[in-house]
Amino acid sequence: RSEQPQRLADFVLAVAGDFPVCCAAGQDHGLAHRLDLPTSGVLLVAKTYRALWRLRLDFCAQRVTKYYLALCEGHLVGRSVQTIHAPLKLLRSPAGGRSVRSH
């Protein structure tokens, strides 16, 4: 059984080490942005130096728009597409895990 990576850099190297930017510690291993850190913390990792530069520039200039897709169980009443206007709430489990919910 192999050990799980302990650091974010180790994880990026394990899954994307074939891309030179992901091996560059001076370029944060290609990490362009951590989306919604307080909730899910999804990582955006670039595969090239050019993409890393462009992604960082776009986030810095606030030219990035995020859209969320919710997967629901059951049936939607009325329209097949609905918009939820509610903030996400961070939920912590006793085991230390995290999930989010919108009410």
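None of these values were measured; they are calculated from a predicted model.

This part is about the overall build of the protein. On a plain count of helices and strands, the protein comes out with two helices and four strands. Counting over 103 residues, the protein shows a buried share of 16%. Of the roughly 8,800 Å² of accessible surface on the protein, 56% is carried by carbon and sulfur atoms.

What follows covers helix 2 (residues 49-60). Between the first and last C-alpha of helix 2 there are 16 Å, a value that for twelve residues agrees with the 16 Å anticipated at 1.5 Å per step. For helix 2, every residue scored as buried is listed here: Leu52, Asp58 and Phe59. Mapping the buried residues of helix 2 onto a view down its axis gives an arc of 135°, with all of them on the same face. Along helix 2, exposed side chains directed more than 90 degrees from the buried face belong to Arg50, Trp53 and Cys60. Residues of helix 2 that are buried make contact with strand 1 (31-35) and strand 2 (42-45). Looking one or two residues past helix 2, Gln62 carries a phi angle of roughly 55°, positive in sign.

Attention shifts here to the pattern of salt bridges. Pairing between side chains of opposite charge can happen when the charged atoms of each approach one another. Under the definition given, this model contains three salt bridges. A salt bridge links Arg54 to Asp58; the nearest nitrogen and oxygen atoms lie 3.3 Å apart. Taken together, the residues Arg54 and Asp58, both in helix 2 and four residues apart, mark about one turn of the helix. Overall, the relative accessible area of 46% leaves Arg54 in the partly exposed class.

Next up on the list: helix 1 (residues 8-16). Buried residues of helix 1: Ala9, Val12 and Ala16, and no others. Viewed end-on, helix 1 has its buried residues packed into an arc of 65°, placing them on one side of the element. Turned more than 90 degrees away from the buried face of helix 1, the exposed residues are Ala14 and Val15. Along its buried surface, helix 1 packs onto strand 2.

Rules behind the numbers
Residues numbered from 1 in each chain as written. Predicted model: local features only at pLDDT ≥ 70, side-chain atom pairs only at ≥ 80, totals over all residues. Heavy atoms only, no water. Helix = DSSP H or I, 4+ residues; strand = E, 2+ residues; numbered from the N terminus. Buried < 20%, exposed > 50% of the residue type's maximum accessible area, 1.4 Å probe, protein only. Areas by Shrake-Rupley, 256 points an atom, 1.4 Å probe, with all protein chains shown as cover. Expected span 1.5 Å × (residues − 1). Arc of directions from axis to C-beta. Contact = heavy atoms within 4.5 Å. Salt bridge = Lys/Arg side-chain N within 4 Å of Asp/Glu carboxyl O.

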